Amino acid sequence: MSYKFAIDTLMTKVNILSEEFRYTHDHNPIEHADSRLKSPSSILEKARRRGVPLDLDSISEHILDIAGIRISCSFLSDTYAIRDLLSGHEDIRVTEEKDYISSPKSNGYRSLHLLVSTPVRMSDRTVEVPVEFQIRTIAMDFWASLEHKIYYKYDQAVPQELLDELRTAAETAHRLDETMERLHGEVRELGDREQAPLPGPEDLRKLPLADELLSALAERVNARRTD
């Protein structure tokens, strides 16, 4: 239950951030967020694979991805922005960070992994619960999802030619991310330039016929005064 409660607590924070950006900012870095809680059979399988004793204390100490949250973003810069926003919460403590975006895995996998610890208040105690965040772009998430399905289909024994194609596809997805990041930056820069401030009085006086127009306006205002 503590892992489920930790997910519920952190998903609420993520949803609040998403709602805030949707209504008060011109860009929401969170495209989609979901969570997963490992099943007991998956936990035991991973514990056996790693040689972890099959008791609750040992599993809690060594299996740190029982609770997980995945956040999909539009742009590369969004992944790091989300990391900074999450780590800024006083009740979210980042204990480990793995940046597979700047340093991808050998198979081409890219994602930003954060292992965090958050307090969960139970009826009789407060426990610190580890939760793994995976933060990546839509393109990264698409690739990772298909790669997972391929590995599942071949029961981990994926032919080398498919592995090579997957690595090439990962590079293609990353180039797409870089292109979209550049275009996003150019559009934002163009929008900033177009949002020029309104001209002030001195700017208006520099316009042709400005003095004549202002004098005519002053005459009309004075003509309506009765005091």
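Check the entry above for the structure.
Residues numbered from 1 in each chain as written. Predicted model: local features only at pLDDT ≥ 70, side-chain atom pairs only at ≥ 80, totals over all residues. Heavy atoms only, no water.

Caption draft 1: Highlighting the packing of aromatic side chains. For the structure on display, the rule yields one aromatic pair. On the numbers, 6.0 Å between centres and 65° between planes, the contact of tyrosine 100 with tyrosine 109 is edge-to-face. Here tyrosine 100 matches tyrosine 109 in class, with each residue buried. The residue whose ring lies beneath lysine 105 is tyrosine 100, and the NZ or CZ to ring-centre distance is 4.9 Å. (Phe/Tyr/Trp six-rings, centres within 6.5 Å; stacked < 30°, edge-to-face > 60°. Buried < 20%, exposed > 50% of the residue type's maximum accessible area, 1.4 Å probe, protein only. Lys NZ or Arg CZ within 6 Å of the ring centre and 35° of its normal.)

Caption draft 2: Fine view of the nonpolar core. Counting 35 residues, the largest nonpolar core has Ile71, Leu86, Phe133 and Ile135 as the members making the most contacts within it. At the level of elements, α1 (2-24), α2 (40-50), β2 (67-73), α4 (76-87), β4 (112-121) and β5 (126-137) are the ones that each hand at least two residues to this core. The dominant element in this core, judged by the number of residues it contributes, is α1, at seven residues. Those residues in contact with phenylalanine 133 that lie beyond four places of it in its chain are Leu10, Val14, Ile69, Ile71, Leu86, Leu112, His113, Leu114 and Val116. (Core = buried A, V, L, I, M, F, W, Y, C linked by side-chain atoms within 4.5 Å. Helix = DSSP H or I, 4+ residues; strand = E, 2+ residues; numbered from the N terminus. Contact = heavy atoms within 4.5 Å.)

Caption draft 3: Highlighting the pattern of salt bridges. In this structure the tally under the stated criterion is 16 salt bridges. Where aspartate 8 meets lysine 4, a salt bridge forms, and the shortest distance between an N and an O atom there is 2.9 Å. Separated by four residues within a single helix, aspartate 8 and lysine 4 lie in helix α1, roughly one turn from each other. On the basis of relative accessibility, which here comes to 42%, the residue lysine 4 falls in the partly exposed class. One salt bridge connects arginine 83 with aspartate 84, and the closest N-O pair in it is separated by 3.1 Å. Given the relative accessible area of 45%, aspartate 84 is considered partly exposed. (Salt bridge = Lys/Arg side-chain N within 4 Å of Asp/Glu carboxyl O.)

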